[in-house]
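Fold and geometry: a report
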Amino acid sequence: MSPEEYEHHVADLLRREGWKASVTPHQRDHGVDIVAERGRQRMAVQAKMFRGSNRPVNAQVVMELYGAAAYADCANAMVATDGRVLPDAEEVAAKLGIPIRIIPDRKSVV
């Protein structure tokens, strides 16, 4: 699965959870991969497909998403990843109210 396919996978999961989810253009997305809406809620999602690499989600990813969500007029944000999450990312996410969800890619869900 490519990173772009992972974004669509996450959007499909959000749709099954009742969100209207749209994947942003792959280029120049300003740090928001998916915009999800449900009722009056508008959420920016950053999808990080890091499984199998040594790149974890760190605090910088969360901070960048916080700013990107504001730029995209989203009151909420979420990080979706299939990889590791560092403690500094968890700490910043908790303070900013940004959930980090572990969402395996389709190949991992067997």
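Predicted model, so just to flag it, every value in this text is computed and none were measured. (Residues numbered from 1 in each chain as written. Predicted model: local features only at pLDDT ≥ 70, side-chain atom pairs only at ≥ 80, totals over all residues. Heavy atoms only, no water.)

The next point concerns the pattern of salt bridges. Across all of its chains, the model carries three salt bridges by this definition. Between E17 and R101 there is a salt bridge; the shortest N-O distance is 2.8 Å. Of the two residues, E17 sits in the loop between α1 (3-16) and β1 (20-23) while R101 sits in strand β5 (residues 100-102), which places them 84 residues apart along the sequence. According to the relative accessible area criterion, E17 is partly exposed, its value standing at 33%. Looking at R101, the relative accessible area reads 26%, which means it is partly exposed. One salt bridge in this structure joins E37 and R42, with 3.3 Å as the shortest N-O distance. (Salt bridge = Lys/Arg side-chain N within 4 Å of Asp/Glu carboxyl O. Helix = DSSP H or I, 4+ residues; strand = E, 2+ residues; numbered from the N terminus. Buried < 20%, exposed > 50% of the residue type's maximum accessible area, 1.4 Å probe, protein only.)

This part covers the pairing of strand β2 (residues 34-38). Two strands pair when backbone bridges link them, and β1 and β2 are joined in this way by four bridges, in the antiparallel orientation. In the sheet register, K20 faces β2, and the bridge partner there is E37. The pairing of β2 with strand β3 (residues 41-48) spans five bridges and is classified as antiparallel. Looking at the pairing, R38 lines up with Q41 of β3. Where β2 hands over to β3, the hairpin turn is made up of two residues, of which G39 adopts a positive phi near 60°. (Pairing = 2+ DSSP bridges.)

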